[in-house]
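Here is what each chain is made of, one letter per residue.
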Amino acid sequence: MLAATRASREREREREREREREITLISVRPHDKHFLFTLANDATVRAASFQQAAICWQEHCRWFDRQLNEAHPFYLGLFEDAACGYVRFKPCLDDADVMETSVAVHRAYRALGIGTRLLSLACRKLLAENEIASISAWVKRDNASSLRIFEKNGFRQTHSAIIENVEAVHFLYSIRI
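The paragraphs below set out a description of the structure included in this document.

Procedures and definitions
- Sequence order sets the numbering: in each chain, residues are counted from 1 along the sequence as written.
- For a predicted model such as this one, the threshold for reporting local features is a pLDDT of at least 70, and the threshold for listing and counting side-chain atom pairs is 80 or more; totals across whole chains, interfaces and linings nevertheless cover every residue.
- The basis for every side-chain value is the complete set of heavy atoms in the structure, and neither hydrogens nor water enter the calculation.
- To qualify as a helix, a DSSP run of H or I must reach at least 4 residues; to qualify as a strand, a run of E must reach at least 2; elements of each kind are numbered from the N terminus.
- To sort residues, take the accessible area from a 1.4 Å probe on protein chains only and compare it with the maximum for the residue type: under 20% means buried, over 50% means exposed, and anything in between is partly exposed.
- Whether two residues are in contact is decided by their heavy atoms, any of which lying within 4.5 Å being enough.
- Structural elements are reduced to axes, namely lines fitted to C-alpha atoms, with helices fitted over the stretch in contact, and the angle between N-to-C directions of any two is expressed from 0 to 180 degrees.
- Here roughly perpendicular refers to angles of 65 to 115 degrees, roughly parallel to angles under 35, roughly antiparallel to angles over 145, and oblique to all remaining angles.
- Each crossing gets its hand from how the near helix is turned against the far one by less than a right angle, where anticlockwise is left-handed and clockwise is right-handed.
- Classification convention: Asp, Glu, Lys, Arg as charged; Ala, Val, Leu, Ile, Met, Phe, Trp, Tyr, Cys, Pro as nonpolar; all other residues, Gly among them, as polar.

1. Considerations on the environment of Cys 84
Mapped onto the elements of the fold, Cys 84 is located in strand β3 (residues 82-92). Here Cys 84 falls in the buried class, since its relative accessible area comes to 0%. Measuring from C-alpha to C-alpha, the distance between Cys 84 and Leu 118 comes to 9.2 Å, with 34 residues separating the pair along the chain. Contacts of Cys 84, omitting those with residues within four sequence positions, involve Phe 35, Gly 77, Leu 78, Phe 79, Ala 104, Val 105, His 106, Tyr 109, Ile 114 and Leu 118.

2. Brief notes about the packing of helix α2 (residues 33-40) against helix α4 (residues 57-70)
At their nearest, the axes of α2 and α4 sit 10 Å apart, and the two run at 120° to each other. As judged from the angle between their axes, α2 and α4 are oblique. Helix-helix and strand crossings are classified by hand; for α2 and α4 the assignment is right-handed. Between α2 and α4, the contacting residues are Lys 33, His 34, Leu 36 and Phe 37 on the first element and Trp 57, His 60, Cys 61, Phe 64 and Asp 65 on the second. Its residues placed into classes, the contact of α2 with α4 shows five nonpolar, two polar and two charged.

3. Notes on the environment of Lys 125
Counting through the fold element by element, Lys 125 comes out in helix α5 (residues 114-129). Linking Lys 125 and Arg 110, residues 15 residues apart in sequence, is a C-alpha distance of 22 Å. Residues contacting Lys 125, with those up to four places away along its chain left out, are Leu 25 and Tyr 75.

Set out below in structure tokens:
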């Protein structure tokens, strides 16, 4: 029994190492606009968002152009050279030393551990290139997949709040010792 458990853990570690080799991050480019529009309007992504209404193309274009102009870290994940999701960061409004993050994974790549890897890679890249104290995120309490992604990456739950009439959990990854 113990040997089977060890073997299972080793297979999982090997799968994780394989996924790590296959996922790369690049900065979002202007021609990623359509992929991000499609991803943003995916039914599961909309349901996980605090703003659930569909996004029109014109609104998305304005938002996307602002994101590129503000130059906050915004990464596209590639799995075997195909776009699989994104992780973006923006300064927290009430604390300049904290970056707030959001993550989305294309439906074809869900339940493969890719969201966990994307967040891990993006956080490491953010921390290597920026001097910040913490990374924060808000997740709907009923969004089990996102809750696990943040927990697996060492984020800790700090408190709950009601956002847009929905119970949400605040996660924090603190760099300071």
